[in-house]
2 protein chains.
Amino acid sequence: MAGGARSASVVDVAAEAGVSLGTVSNVLNRPERVSDATRLRVEKAMARLGFVRNESARQLRAGQSRLLAYVMLDVANPFFTDVAQGIDSAAAEHELALFLCNSANDAGREAAYLTHLSQQRVQGILVTPVDPHSPLLEEIVKHTPVVIVDRTRDDKRFCSAAADDVAGGRLAVEHLIDRGHTRIAYIGGPPSLGQVRERHEGALLACRESGLAEDALLHIGTDGLGFADGREAGERLIGIPAKRRPTAAFCANDLVALGLLQQMSLSGRTVPDDLAIVGFDDIDFAGAAAVPLTSVRQPRRELGRRAAELLLDEASNPDHEHRQVIFTPELVARRSTLN
Amino acid sequence: MAGGARSASVVDVAAEAGVSLGTVSNVLNRPERVSDATRLRVEKAMARLGFVRNESARQLRAGQSRLLAYVMLDVANPFFTDVAQGIDSAAAEHELALFLCNSANDAGREAAYLTHLSQQRVQGILVTPVDPHSPLLEEIVKHTPVVIVDRTRDDKRFCSAAADDVAGGRLAVEHLIDRGHTRIAYIGGPPSLGQVRERHEGALLACRESGLAEDALLHIGTDGLGFADGREAGERLIGIPAKRRPTAAFCANDLVALGLLQQMSLSGRTVPDDLAIVGFDDIDFAGAAAVPLTSVRQPRRELGRRAAELLLDEASNPDHEHRQVIFTPELVARRSTLN
DNA sequence: GCGTGTCAGTGAAACCTTTCAATAAGGCGG
DNA sequence: CCGCCTTATTGAAAGGTTTCACTGACACGC
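In this text the structure is predicted, and so the values were computed from the model without any measurement. (Residues numbered from 1 in each chain as written. Chains lettered and ligands numbered in written order. Predicted model: local features only at pLDDT ≥ 70, side-chain atom pairs only at ≥ 80, totals over all residues. Heavy atoms only, no water.)

1. Description of the packing of aromatic side chains
To describe a pair of aromatic rings, one takes the distance between the centres and the angle between the planes. Tallied over the entire structure, the rule returns 12 aromatic pairs over all chains. Considering the side-chain rings of A:Phe227 and B:Phe285, the 5.7 Å spacing of their centres and the 85° angle between planes classify their relative orientation as edge-to-face. Pair noted here: A:Phe227 is in helix H10 (residues 227-239) and B:Phe285 is in helix H12 (residues 284-287), and the two residues belong to different chains. Accessibility classification places A:Phe227 together with B:Phe285 in one group, the buried group. By the ring-pair criterion, three or more aromatic residues cluster together here, those being A:Phe99, A:Tyr113, B:Phe99 and B:Tyr113. Above the ring of A:Phe280, the side-chain terminus of A:Arg199 is found at 3.8 Å from the ring centroid. (Phe/Tyr/Trp six-rings, centres within 6.5 Å; stacked < 30°, edge-to-face > 60°. Helix = DSSP H or I, 4+ residues; strand = E, 2+ residues; numbered from the N terminus. Buried < 20%, exposed > 50% of the residue type's maximum accessible area, 1.4 Å probe, protein only. Lys NZ or Arg CZ within 6 Å of the ring centre and 35° of its normal.)

Below you can see the structure in the form of structure tokens.
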């Protein structure tokens, strides 16, 4: 707990040790230039006074920090924490610290974090934005390197690393159609999320190419992409009369898929016999689920790592050019679609 | 990307707008004291120059920030992200931003984060430490409020919020003994983690109280508490001759339990018939697992929220007294132990 | 017409660190 | 004994913001 007194500064330490403040700074930053005797004296003074370097003052002088930040859409989604680990490993190699910020899918929170980070002069910001076209991002990228993760923009004003969501959605639904399904549900929301829209688009594409009827794909909207949303969607699905009810579901992510799966079990249905399920992301838990989950795999750690590398290039290379790295997703078939 | 020019400061804005720097500061901090005309002029100058407030300079002046940080042991473990959400909700109510830092169970990384945060004069630090008795923590708490999460210390120099791990371990193993098991594995590691040790202790207690033989509890050590560690432990378990092989396993957390569960399926065993499994934490995925997992539930969000409240009290209340909040865990029985 | 009060705007000081040119002290060769 | 070199130390300046006591200007009431 902070005592009453103002915390000690280099000046206080200098006084205590009977040296000039320049010497104290030298002890801190270039100890080899200070004689052993004085260094010791200064160090003791620091200990006595409980001196703690003031990072704000340092940064003010230095102009910037050795800090990266990742503003993520949902900490509770293992997909994003895996991406964060990829970023982290790249950051650690460059001796940069990484701060994680959870926007929780809220544009206001995201904006607050982005503003704070840019004012803090971090080296760079990675972000999975609620809306990649937000004007705030354009504003910030003028002075702070920003890389968009798990999204892209049509213009080329940002670097980004993402998987091809349309291709992923297509893979998922092609797989279901291959397995003979002709009434398929697409489960996800909110539609404001690009991920939700594009995976849907891919799903539609697959239907069209296979010559399925327009209404073969039933869109069941959800409020979010969490566990609970999947369960709720399950209830609604069960409510549909059997002859019109889809025999397969493609979920916008694995959390929703796992929630759906759980709801199916709870209400005594069997997966994949009563309902085949495909998820998206292939998080670790997908393979460990009640019925191991077929899912569209994204290279999560790699995605984070590449994004961080783009950021570091943007931060340090004067000839930097914006690049969009697109990863191709891949279907991992498991029991939830194989009967 | 930063242009060649030094970024604009209040002085530059003042010059551009033809006012004094004090007025610019007033526009920023007390706009009501500035006439509409000048305010507009200043705001336009800011826009023209792309002025971005320098947070370091602000903090230097102010002495501290509206920032909290949580240094977590493992971002990839949903238990900790749930705790983080609890912290977040309390922080948001007080209009504080929360930064998440992942120590990844590495004392060096943890130390680097803690040092940086204290030097940054954050309002407070929450931490699930690798070692709650680290001297660095004692050092830091002298000037920055620190609350220990998911651990406690014997002395009362810190606030902390945690669940009773010994009680939890005991619950888990009592349950297994009730179900008739007499050869039980305890799976977890590394022993440097207090969580691992105390849950083990609780397990031993349960055995002793039920009059089981000394060697009824077989400790299978793991390198960490992840998915992969659980799978690996599964392989080792299977390698044990059938007559000596445990018929039940208590895992130090759910990730390990889920890994173990998966390994059992992969090698054609049935849970709970071949092996009953109890996990710890009751993360959301536990209920959705291949075989829904019996687990020891901790109130994860509540734990985070209480910890944050303790921190905020410590940061703002001069009469603050350190408190140790202990939550009592509760067993949630599911199919992985019920046959 | 004068004192008083209000309002808008001013500018110096403080926050703490780092850097760098300058100084002091000491040793050495000539 | 002097000048020169090295090494240790110094102190002022800079970095950007906020605060606060202060100045002008203006309106109002008497």
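2. Regarding the protein's contact with DNA strand D
Not every one of the 27 residues close to DNA strand D is listed here, only the nearest: A:Ser20, A:Thr23, A:Thr38, B:Val10 and B:Arg61. Each atom of DNA strand D within 4 Å of the protein was assigned to sugar, phosphate or base; sugar and phosphate come to 66%. B:Val10 has a polar backbone atom sitting 2.4 Å from a phosphate oxygen of DNA strand D. Contact between DNA strand D and B:Arg58: a phosphate oxygen at 2.9 Å from a side-chain N or O atom of the residue. Looking at the surface near DNA strand D, the elements that each hand over two or more residues are helix H2 (21-29) and helix H4 (55-62) of chain A together with helix H2 (21-29) and helix H4 (55-62) of chain B. (Near = heavy atom within 4 Å. Polar contact = N/O pair within 3.5 Å; in protein donor to acceptor, adjacent residues only side chain to side chain.)

3. Here we look at the interface of chain A and chain B
In this assembly, 52 residues from chain A lie in contact with 52 residues from chain B. In this assembly, chain A packs against chain B so that about 4,700 Å² is buried in total across both faces, 56% of it on carbon and sulfur atoms. Our enumeration of links across chain A and chain B arrives at two salt bridges. B:Asp88 is the partner of A:Arg109 in a salt bridge, and the nearest nitrogen-oxygen pair spans 2.7 Å. Here chain A and chain B share 17 residue pairs in polar contact (both at pLDDT 80 or more) between them. Put simply, the parts of the chain that give the side of chain A that touches chain B at least two residues each are H4, helix H5 (78-93), strand E2 (97-102), helix H6 (107-119), helix H11 (254-266) and helix H12 (284-287) of chain A. Residue composition of the side of chain A that touches chain B, grouped by class: 25 nonpolar, 16 polar and 11 charged. (Contact = heavy atoms within 4.5 Å. Buried area = accessible area lost by both parts, 1.4 Å probe. Salt bridge = Lys/Arg side-chain N within 4 Å of Asp/Glu carboxyl O. Nonpolar A, V, L, I, M, F, W, Y, C, P; charged D, E, K, R; others polar.)

4. Describing the protein's contact with DNA strand C
As a structural note, the neighbourhood of DNA strand C is formed by 26 residues, with A:Val10, A:Arg61, B:Ser20, B:Thr23 and B:Thr38 the closest of them. The sugar-phosphate backbone supplies 69% of the atoms of DNA strand C found within 4 Å of the protein. The side chain of A:Arg58 places a nitrogen or oxygen atom 2.8 Å from a phosphate oxygen of DNA strand C. In the model, a phosphate oxygen of DNA strand C is placed 2.6 Å from a nitrogen or oxygen of the B:Thr38 side chain. Every element with two or more residues in the surface near DNA strand C is listed here: H2 and H4 of chain A together with H2 and H4 of chain B. Taken together, the residues of the surface near DNA strand C break down into nine nonpolar, 10 polar and seven charged.

5. Looking at the pattern of salt bridges
Residue and element names in this part refer to chain B. For the structure on display, the rule yields 48 salt bridges over all chains. Linking Asp-82 and Arg-300 is a salt bridge whose minimum nitrogen-to-oxygen distance equals 2.3 Å. Residue Asp-82 is found in helix H5 (residues 78-93), and its partner Arg-300 is found in helix H13 (residues 300-316); the two are separated by 218 residues along the sequence. Asp-82 sits in the buried class, given a relative accessible area of 4%. Overall, the relative accessible area of 11% leaves Arg-300 in the buried class. Here Asp-282 makes a salt bridge to Arg-334, at a shortest N to O gap of 3.1 Å. Here the residue Asp-282 occupies a position in the loop between strand E9 (276-281) and H12, and Arg-334 occupies one in the segment after strand E12 (330-332), the gap between them amounting to 52 residues. Just as Asp-282 is buried, Arg-334 falls in that class too.

6. Section: the relation of the copies chain A and chain B
Overlaying chain A with chain B gives an RMSD of 0.1 Å, the required rotation being 180° about an axis along which the chain moves by 0.0 Å. When the rotation and shift are considered jointly, the pair of chain copies conforms to a two-fold rotation axis. Among all residues of chain A, the minimum C-alpha distance to the rotation axis is found for A:Ala290, at 1.4 Å. A share of 100% of interface residues in chain A that are also interface residues in chain B marks the association as one of identical surfaces. (Least-squares fit on C-alpha atoms with pLDDT ≥ 70 in both.)

7. A word on the environment of B:Asp106
Residues and elements named next belong to chain B. Structurally, the position occupied by Asp-106 is in the loop between strand E2 (97-102) and helix H6 (107-119). Classification of Asp-106 as partly exposed rests on a relative accessible area of 33%. Residues Asp-106 and Leu-338, spaced 232 residues apart in sequence, show a C-alpha to C-alpha distance of 37 Å.

8. Overview of the sheet that holds strand E10 (residues 294-297) of chain B
Residues and elements named next belong to chain B. Across the sheet, which stays open at both edges, the six strands sit in the order E7-E6-E8-E9-E10-E12 with mixed pairing between neighbours. Each edge of the sheet is formed by a strand with only one pairing partner; in this case those strands are strand E7 (217-221) and E12. Averaged over all neighbouring strand pairs, the angle between strand axes comes to 20°, with direction disregarded. Bridge count for E10 against E12 is three bridges, and the pairing is antiparallel. Opposite Arg-297, over in E12, you have Glu-330 as the bridge partner. Against the sheet, helix H10 (residues 227-238) makes contact with strand E6 (184-188) and E7, and its axis sits at roughly 130° relative to E7, the strand it touches most. (Pairing = 2+ DSSP bridges. Axes fitted to C-alpha atoms, helices over the stretch in contact; angles between N-to-C directions.)

9. Regarding the nonpolar core
Counting 190 residues, the largest nonpolar core has A:Tyr70, B:Tyr70 and B:Ile187 as its most contacted members. Ignoring sequence-local partners within four residues, the contact set of B:Tyr70 consists of B:Phe80, B:Val83, B:Ala84, B:Ile87, B:Leu98, B:Phe99, B:Leu100, B:Cys101, B:Leu126, B:Val127, B:Thr128 and B:Val149. (Core = buried A, V, L, I, M, F, W, Y, C linked by side-chain atoms within 4.5 Å.)

All quantities given are derived from atomic positions and should not be read as evidence of function.
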